[in-house]
Protein chains: 2
Amino acid sequence: MQTRLTIKDIARLSGVGKSTVSRVLNNESGVSERTRERVEAVMAQYGFSPSRSARAMRGQSDKVVAIIVTRLDSLSENLAVQTMLPAFYAEGYDPIMMESQFSPELVAEQLGMLRRRNIDGVVLFGFTGVTPEMLQPWQSSLVIIARDAPGFASVCYDDDGAVQLLLQRLYELGHRHIGFLGVPDSDTTSGMRRREAYMAFCQRNGVTPRIAQPGVTMVKGYEHFTDVLTPETTAVVCATDTLALGAGKYLQEHPEMHIQLASIGYTPLMAFLHPEIVGASLGYAEAGRRAAAQLMGQITRQAELKQIVIPVTLN
Amino acid sequence: MQTRLTIKDIARLSGVGKSTVSRVLNNESGVSERTRERVEAVMAQYGFSPSRSARAMRGQSDKVVAIIVTRLDSLSENLAVQTMLPAFYAEGYDPIMMESQFSPELVAEQLGMLRRRNIDGVVLFGFTGVTPEMLQPWQSSLVIIARDAPGFASVCYDDDGAVQLLLQRLYELGHRHIGFLGVPDSDTTSGMRRREAYMAFCQRNGVTPRIAQPGVTMVKGYEHFTDVLTPETTAVVCATDTLALGAGKYLQEHPEMHIQLASIGYTPLMAFLHPEIVGASLGYAEAGRRAAAQLMGQITRQAELKQIVIPVTLN
DNA sequence: CTGTTAGCGCGTTCAC
DNA sequence: GTGAACGCGCTAACAG
């Protein structure tokens, strides 16, 4: 591997000083149009690109951000990451990935390591157990997704709106006895918040609530589907698509039941297996875009720490 | 943010010279036990960690590797990445992620960018269209997964073995008329290779082959499932779990058919939806581990470019 | 407008 | 064994 050429070489090759090359590189003013063009031509010709490490050492930033997902095989998070990556690359930032596995301790450790590495920013997929304290050092260079924390930038999903949207649709379709298959309250957003939104709707519309919060897995959805059924029940809202898959399997095995399912989260898999389900999309892709944009704003322009809520859409 | 302390500070604080600290840092010999301990104590006390950028500038390596997945939402690839990440972190390497979206052009572009960035190594999830030529510059610091290329290190799945294992099992179960629902030959491994393995088995065992290769999606599996059926057919092998999900749905809607499904790839989703399916696991997690180990070996110890094949297991 | 100079934090000779 | 000096590629301050 031949030694890469440096800013000095470019300077020599284009007959100028190093600092002029540096100025051109950073689009600084104070360089005549002619020299700028000449230098740029030489750089292009030799395919020159400055050493990241050297710049990082002078400035502060090594232009690296971290994305901490809860689980690499979480479909929803992947959809968000998918839109994040190009956004980061477009700004010249390298995204490194980590997996928190829903462990607050692991996150604390990872954040520590990232701080020592002098990383520029972090996108963290939140979950129950991450406390504002552990995020404190990152306040100005962190965006948290799926959770909000006071004083931090965040991109959240509209749990409340999603539940309302689904219930309203079911209501319009004539359903008056609607059960709710949910996640335990220990999960703030997908658990408690969605349940509360359901209860609020019931109260407003004189619907008798019927709730079960068995867990997060397909199996739980399958086994506890009947928990939310009364003889009058004609529809059930599932708090997550995973639960909905469980419920869907139960219904498939009981074709006589004719219960309308609704679900927060609508994946291609669900569209294929259960096209009849009414689904609400939380806008993962959009969340990724917004999170990346927000973080870049904070890093490069001290943008204010906004709390963003992604609008829901019905499928 | 207060200015981080440097090797110089540590030197001053422990009453030695910079180079001694440097030696301790790199575990070099030629430092008395006493001073080493003293310096290490100081480093620990102040939580010192050397600047990556500065080291990168001196040596070659910035200790960054890239992982190029085809799609972020590919479950199989995620399982491999999941085991890769800790392996990289354990060696002090930061893994940055990219998505190729099955586009050879994109990969070429990404590899170019990575080369300019002076990245240490790449794990590439292969697919049809990536040519050895574009990988050439990376020969010594690349591991390709799911494809093999002559002269490159690779970690491959045992397509042949998986098909054989499944067919053999079905055969043992008494099935003699077994169809094959596959992926088009344009995909070398999951398409052609698996089909050929099927045909070879049929030939050896006097089974009449019955093949369809409609595509890769669930919908294709669903719509073309009947293509591989004859009145005698009692079992069907699906080349991928995605196809199997499609076929499974078809069977669920036709409970009278009683056809035994078998599939390459066995996910929790499938275990839940279709526990009756005979599945072969390709060993994604193991592949991730091996790939990371192989790459680290190549980078740090010029390990030879091995072509690794992960053994299949039956579920 | 442009070239020169001085470091950034670290690794690497060299002398001591 | 250990420290002082030098330079990596780049940016920032200062001269011209």
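Residues numbered from 1 in each chain as written. Chains lettered and ligands numbered in written order. Predicted model: local features only at pLDDT ≥ 70, side-chain atom pairs only at ≥ 80, totals over all residues. Heavy atoms only, no water.

1. With respect to the overall build of chain A
Check the secondary structure of chain A and you find 13 helices and 12 strands. Radius of gyration (C-alpha) of chain A: 25 Å, far over the 20 Å computed for a compact globule of 315 residues. Taken across its 315 residues, chain A has 51% of its residues classed as buried. Long-range pairs, those at least 24 residues apart, make up 64% of the contacts in chain A between residues at least 6 apart in sequence. Accessible surface, chain A: about 14,200 Å² in total, of which carbon and sulfur atoms supply 51%. In chain A, 30 side chains carry a positive charge and 32 a negative one; their mean positions are 11 Å apart. (Helix = DSSP H or I, 4+ residues; strand = E, 2+ residues; numbered from the N terminus. Rg over C-alpha atoms; globule rule 2.2 N^0.38 Å. Buried < 20%, exposed > 50% of the residue type's maximum accessible area, 1.4 Å probe, protein only. Contact = heavy atoms within 4.5 Å. Areas by Shrake-Rupley, 256 points an atom, 1.4 Å probe, with all protein chains shown as cover. Lys, Arg positive; Asp, Glu negative; His and termini not counted. Charge placed at Lys NZ, Arg CZ, Asp CG, Glu CD.)

2. Quick look at the pairing of strand E1 (residues 64–69) of chain B
Residues and elements named next belong to chain B. Counting buried positions over the six residues of E1 gives six, a clear majority of the element. Side-chain alternation along E1 places Val 64, Ala 66 and Ile 68 on one buried face and Val 65, Ile 67 and Val 69 on a second face that is also buried. Pairing geometry for E1 and strand E2 (residues 94–99), over six bridges, is parallel. Each residue of the ladder has a partner; that of Ala 66, found in E2, is Ile 96. Taken together, E1, helix H5 (residues 75–90) and E2 constitute a β-α-β crossover, and its handedness is right-handed. Strand direction decides the pairing type here: E1 and strand E3 (residues 121–125), joined by four bridges, are parallel. Note on E3: the bridge partner recorded for Ala 66 is Val 122. (Pairing = 2+ DSSP bridges. Right-handed = clockwise from strand over helix to strand, strands pointing away.)

3. Examining the domain arrangement of chain A
In terms of domain boundaries, chain A breaks down into domain 1 (7–50), domain 2 (60–157 + 284–314) and domain 3 (159–281). Centre-to-centre, using C-alpha coordinates, domain 1 of chain A lies 62 Å away from domain 3 of chain A. (Domains from an automatic or database assignment.)

4. Notes on the packing of helix H2 (residues 18–25) of chain B against helix H3 (residues 33–46) of chain B
All names here are of chain B. In the contact formed by H2 and H3, the axes pass within 10 Å of each other and the chain directions differ by 85 degrees. Of the possible angle classes, the one that applies to H2 and H3 is roughly perpendicular. Across the interface between the two elements, Val 21, Arg 23, Val 24 and Leu 25 from H2 touch Arg 36, Val 39, Glu 40 and Met 43 from H3. (Axes fitted to C-alpha atoms, helices over the stretch in contact; angles between N-to-C directions. Parallel < 35°, antiparallel > 145°, perpendicular 65-115°, else oblique.)

5. Structural notes on the relation of the copies chain A and chain B
What connects the two chain copies is a rotation about an axis and a shift along it. Mapping chain A onto chain B leaves a residual RMSD of 0.1 Å; the transformation is a rotation of 180 degrees accompanied by 0.0 Å of translation along its axis. In short, the pair behaves as if placed about a two-fold rotation axis. When you check the interface residues of chain A against chain B, 100% turn up at the interface there too, and the contact is symmetric in its surfaces. (Least-squares fit on C-alpha atoms with pLDDT ≥ 70 in both.)

6. What to know about the pattern of salt bridges
Applying the stated rule across the entire model yields 21 salt bridges over all chains. When the shortest N-O distance is used, the salt bridge between B:Asp94 and A:Arg117 registers 2.3 Å. A residue pair is termed interchain when its members come from two chains, as with B:Asp94 in strand E2 and A:Arg117 in the loop between helix H6 (104–116) and strand E3 (121–125). The salt bridge partner of A:Arg289 is A:Glu286, with a shortest N-O separation of 3.1 Å. On the criterion of helical spacing, the pair formed by A:Arg289 and A:Glu286 is a turn pair, its members being three residues apart in helix H13 (residues 284–301). Looking at A:Arg289, the relative accessible area reads 44%, which means it is partly exposed. Each member of the salt-bridge network shares a partner with another, and the members are A:Arg52, A:Asp94 and B:Arg117. (Salt bridge = Lys/Arg side-chain N within 4 Å of Asp/Glu carboxyl O.)

7. Topic: the protein's contact with DNA strand D
DNA strand D sits among 28 residues. The nearest are A:Ile7, B:Gly17, B:Thr20, B:Arg23 and B:Thr35. When atoms of DNA strand D within 4 Å of the protein are sorted by moiety, sugar and phosphate together comprise 54%. A distance of 2.8 Å separates a base nitrogen of DNA strand D from a polar atom in the side chain of A:Lys18. Secondary structure elements with two or more residues in the surface near DNA strand D: helix H2 (18–25) and helix H4 (52–58) of chain A together with H2 and helix H4 (52–58) of chain B. Here the surface near DNA strand D is built from residues that sort into eight nonpolar, 12 polar and eight charged. (Near = heavy atom within 4 Å. Polar contact = N/O pair within 3.5 Å; in protein donor to acceptor, adjacent residues only side chain to side chain. Nonpolar A, V, L, I, M, F, W, Y, C, P; charged D, E, K, R; others polar.)

8. Considering the protein's contact with DNA strand C
DNA strand C sits among 29 residues. The nearest are A:Arg23, A:Ser32, A:Arg58, B:Ile7 and B:Arg55. Looking at DNA strand C alone, sugar and phosphate atoms form 53% of those within 4 Å of the protein. Within the contact set of DNA strand C, a phosphate oxygen lies 2.7 Å away from a side-chain nitrogen or oxygen of A:Thr20. A distance of 2.6 Å separates a base oxygen of DNA strand C from a polar side-chain atom of A:Arg23. Of all the elements in the fold, those that place two or more residues in the surface near DNA strand C are H2 and H4 of chain A together with H2 and H4 of chain B. Top element by residues in the surface near DNA strand C is H2(B). It accounts for five residues. Its residues assigned to classes, the surface near DNA strand C shows nine nonpolar, 12 polar and eight charged.

9. Looking at unusual backbone geometry
All names here are of chain A. With phi around 55 degrees, Asn 27 is a residue other than glycine that occupies positive phi space. Examined against the element boundaries, Asn 27 turns out to sit in the loop between H2 and helix H3 (33–45). According to the relative accessible area criterion, Asn 27 is exposed, its value standing at 63%. Even without being a glycine, Lys 63 presents a positive backbone phi close to 55 degrees. Looking at where Lys 63 falls in the secondary structure, it is placed in the loop between H4 and strand E1 (64–69). With relative accessibility at 31%, the residue Lys 63 sits in the partly exposed group.

10. What about the interface of chain A and chain B?
Counting from both sides, the interface comprises 42 residues of chain A and, opposite them, 42 residues of chain B. Per-residue buried area on chain A facing chain B is highest for A:Tyr89, A:Arg117 and A:Phe272; these three make up 17% of the total on that side. Between the two partners, chain A and chain B, sit two salt bridges. Joining chain A to chain B, the criterion identifies 16 residue pairs in polar contact (both at pLDDT 80 or more). For the side of chain A that touches chain B, the secondary structure elements donating two or more residues are H4, helix H5 (75–90), strand E2 (94–99), H6, helix H10 (218–223), helix H11 (241–253) and helix H12 (268–273) of chain A. (Buried area = accessible area lost by both parts, 1.4 Å probe.)

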